[in-house]
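# A structural walkthrough
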Amino acid sequence: MTEIMVVAEHREGEIREISLEMLTKAKEIADEINAKVSSVILGHGIDHLVEELASYGQDRVYYLRNEKLENYTIDGYKSALTSFLEDRKPVLTMIGHTAMGLDFAPALAVSLDTPLVTDCIDLKFTNGQLQVTRQVYGGKINVELNVQKHGSYIATIRPTVFKPPEKTGLKGEIEEVTLKIEGEFRTKFKGFIKPEIEDIDISQADVIVSVGRGIGEKENIKIAEELAKVIGGVLAASRPVVDNGWLPKTRQVGQSGKTVKPKLYLALGISGATQHLMGMKDSELIVAVNKDPNAPIFDIADIGIVADLFEVVPVFIEQLRK
Ligand SMILES: Cc1cc2nc3c(=O)[nH]c(=O)nc-3n(C[C@H](O)[C@H](O)[C@H](O)COP(=O)(O)OP(=O)(O)OC[C@H]3O[C@@H](n4cnc5c(N)ncnc54)[C@H](O)[C@@H]3O)c2cc1C
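The following paragraphs examine the structure supplied in this document. (Residues numbered from 1 in each chain as written. Predicted model: local features only at pLDDT ≥ 70, side-chain atom pairs only at ≥ 80, totals over all residues. Heavy atoms only, no water.)

## Brief notes about empty space enclosed by the protein
Within this structure, the stated rule accounts for 1 cavity of 30 Å³ or more. One number sums up the size of the largest cavity: a volume of about 30 Å³. If you trace the largest cavity, you find it lined by Arg158, Thr160, Val161, Thr259, Lys261 and Asp282. Grouping the amino acids of the lining of the largest cavity by side-chain chemistry returns 1 nonpolar, 2 polar and 3 charged. Two domains each donate at least three residues to the lining of the largest cavity, and these are domain 1 (3-178) and domain 2 (202-321). (1 Å grid on protein atoms, 1.4 Å probe; cavity = no way out; pocket = protein on both sides within 12 Å on 5 of 7 lines; lining within 4 Å. Points joined across faces, edges and corners; volume = space filled by probe spheres on them. Nonpolar A, V, L, I, M, F, W, Y, C, P; charged D, E, K, R; others polar. Domains from an automatic or database assignment.)

## Let's talk about the packing of aromatic side chains
Taken as a whole, this structure holds 5 aromatic pairs when the rule is applied. Judged by centre distance (6.2 Å) and plane angle (50°), the ring pair of Tyr72 and Phe104 falls under tilted. Linking Tyr72 in the loop between β5 (60-65) and α3 (74-88) with Phe104 in helix α4 (residues 99-112), this pair joins segments that are 32 residues apart in sequence. Judged by relative accessible area, which is 22%, Tyr72 ranks as partly exposed. Every member of this aromatic cluster is reached through a ring pair, and the members are Tyr72, Tyr77 and Phe104. Sitting over the ring of Phe185, Lys68 keeps its end group 5.5 Å from the ring centre. (Phe/Tyr/Trp six-rings, centres within 6.5 Å; stacked < 30°, edge-to-face > 60°. Helix = DSSP H or I, 4+ residues; strand = E, 2+ residues; numbered from the N terminus. Buried < 20%, exposed > 50% of the residue type's maximum accessible area, 1.4 Å probe, protein only. Lys NZ or Arg CZ within 6 Å of the ring centre and 35° of its normal.)

## Topic: helix α2 (residues 47-54)
Those residues of α2 that sit buried are Leu49, Val50, Leu53 and Ala54. Viewed along the axis of α2, the buried residues span an arc of 140°, placing them on a single side of the element. Against the buried residues of α2 lie β2 (10-11), β3 (14-15), α1 (17-33), β4 (36-43), β5 and β12 (173-178). (Arc of directions from axis to C-beta. Contact = heavy atoms within 4.5 Å.)

## Re the packing of helix α5 (residues 221-230) against helix α9 (residues 309-321)
Look at α5 against α9: their axes get within 10 Å of each other, and the N-to-C directions meet at 25°. By the criterion of interaxial angle, the relationship of α5 to α9 is roughly parallel. The hand of the α5/α9 crossing is left-handed. Where α5 approaches α9, its residues Ile223, Glu226, Leu227 and Val230 are matched on the opposing element by Phe310, Val313, Pro314, Phe316, Ile317, Leu320 and Arg321. (Axes fitted to C-alpha atoms, helices over the stretch in contact; angles between N-to-C directions. Parallel < 35°, antiparallel > 145°, perpendicular 65-115°, else oblique. Left-handed = near helix turned anticlockwise from the far one by under 90°.)

## Some details on unusual backbone geometry
Positive phi values are uncommon outside glycine, yet Glu12 reaches one of about 50°. Residue position: Glu12 is located in the loop between β2 and β3. Of note, Lys89 is a non-glycine position whose phi angle comes to about 50°, a positive value. Looking at the secondary structure, you find Lys89 in the loop between α3 and β6 (92-96).

## A few points about the side chain of Asn66
Topologically, Asn66 is positioned in the loop between β5 and α3. Non-local contacts of Asn66, meaning those with residues more than four positions away in its chain, are made with Gly43, His44, Leu179 and Ile181.

## What about the side chain of Thr73?
Tracing the backbone shows Thr73 in the loop between β5 and α3. Note on Thr73: relative accessible area 7%, which makes it buried. Of the polar contacts made by the side chain of Thr73, one reaches the backbone nitrogen of Gly76; its length is 3.0 Å. The contact partners of Thr73, leaving out residues within four places of it in the chain, are Phe185, Thr187, Lys188 and Phe189. (Polar contact = N/O pair within 3.5 Å; in protein donor to acceptor, adjacent residues only side chain to side chain.)

## Some points on the layout of surface pockets
In this structure, the second largest pocket encloses a volume near 380 Å³. If you go around the second largest pocket, you meet 14 residues; those closest to its centre are Glu17, Lys163, Pro164, Asp206 and Lys261. The residue makeup of the lining of the second largest pocket includes at least three contributed by each of domain 1 (3-178) and domain 2 (202-321).

## So, the sheet that holds β4
By definition, the strands of a sheet pair up through backbone hydrogen bonds, in either a parallel or an antiparallel sense. On the basis of which strands lie adjacent, the open sheet formed by 7 strands has the order β7-β11-β6-β1-β4-β5-β12 and parallel pairing. Taken across any chain shown, the strands that pair with only one partner, and hence form the sheet edges, are β7 (116-120) and β12. Neighbour-to-neighbour, the strand axes of the sheet open up by a mean angle of 25°, direction not taken into account. Across 6 bridges, the pairing between β5 and β12 is parallel. Along β12, the bridge assignment pairs Arg65 with Thr178. (Pairing = 2+ DSSP bridges.)

## Description of the site of the ligand
Within the structure, the ligand sits among 25 residues, and Arg213, Ser238, Ser256, Ser271 and Asn290 are positioned closest to it. Contact distances for the ligand include 2.8 Å between an oxygen atom and a side-chain N or O atom of Gln275. At a separation of 2.9 Å, an oxygen atom of the ligand approaches a polar side-chain atom of His276. Across the complex, the protein chains shield 75% of the 990 Å² of accessible surface that the ligand would expose by itself. Elements supplying a minimum of two residues to the shell around the ligand: α6 (239-243), α7 (274-277) and α9. Looking at the shell around the ligand residue by residue, the classes come out as 7 nonpolar, 13 polar and 5 charged. (Near = heavy atom within 4 Å. Areas by Shrake-Rupley, 256 points an atom, 1.4 Å probe, with all protein chains shown as cover.)

See below:
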């Protein structure tokens with residue numbers, strides 16, 4: 001039977017959200033083309049993660065267990081997935097458009113001689129041909145592409161586009177696959193460098209207070225920090241704020257930063273450049289404060305406040321405290 005394969009990503013003992021988000025889309029496509037959905041997870045000593053993955057309601061989880069796969073390396077993933085996918089021949093292999101996925105997906109595609117489409121925000125099959133939606137011109141335009149007809153495709157999927165499925169409680173079948181991985185790897189895992197200790201992952205936040213160049217100087221960030229504290233949100237920023245060293249790079253939203261999709265995105269003194277919008281436009285509710293009525297951020301804001309942020313934010317804080 002036709003199979004859609006999701007390559008699950010895990011890090012530091014946890015399944016990454018993108019692995020689950022891809023499952024949602026895989027199930028949707030599978031219903032349309034009458035395929036089954038499987039995940040493949042690579043590693044060693046991760047039985048608990050394999051079981052957790054299996055509880056998200058797919059047909060099967062393949063566990064490629066090998067000591068050489070204990071930590072991610074491009075050589076390990078390419079080698080193991082090449083022989084596994086050559087054997088399974090799924091019609092579609094979905095990989096996260098993450099630092100890791102972007103690292104090994106092209107090498108895997110070359111190794112399997114399979115078409116690769118990257119950074120997809122939607123996918124479907126029409127008469128056996130894969131059609132994907134991607135963004136161009138810095139996210140201003142969505143294009144639908146017909147990928148040249150092939151028996152099998154690889155696609156990398158943008159994080160946060162799809163919602164992770166609910167746990168079904170039903171365990172999918174787990175199949176352990178023993179692989180021979182021969183030869184020395186050119187790349188070696190030396191260690192995992194964590195983000196700065198006090199830092200958080202803004203892509204997982206429900207409420208974000210984001211500051212732009214309009215905040216003026218580092219010292220002023222504390223007013224936004226206070227607001228974030230009062231509404232139970234986290235602080236993020238546009239690129240100039242990060243380039244100026246006022247907040248760490250891990251807080252940057254946008255094309256060269258993180259993609260976020262919170263319930264509330266409060267933009268303070270952010271003009272709304274395309275590269276910034278790319279990272280936050282799918283937020284559920286966007287509230288923007290900017291003193292320029294023509295600022296492009298107002299084109300996508302659900303609520304726009306034309307005002308000086310230094311006048312508005314203290315009022316927000318005061319009202320919320322009440
Ligand atoms: C390849 C590339 C990648 C990029 N990646 C990113 C990215 O990931 N993220 C990102 O953000 N940018 C990115 N940029 C930069 C982007 O093009 C913009 O320059 C940037 O987003 C502008 O940030 P800003 O809105 O904070 O600043 P500005 O564009 O300078 O806007 C500041 C805004 O603050 C308003 N303002 C000023 N004072 C006040 C006040 N007191 N109260 C209220 N409003 C006030 C002004 O009216 C103005 O609209 C990238 C650019 C390139 C070329």
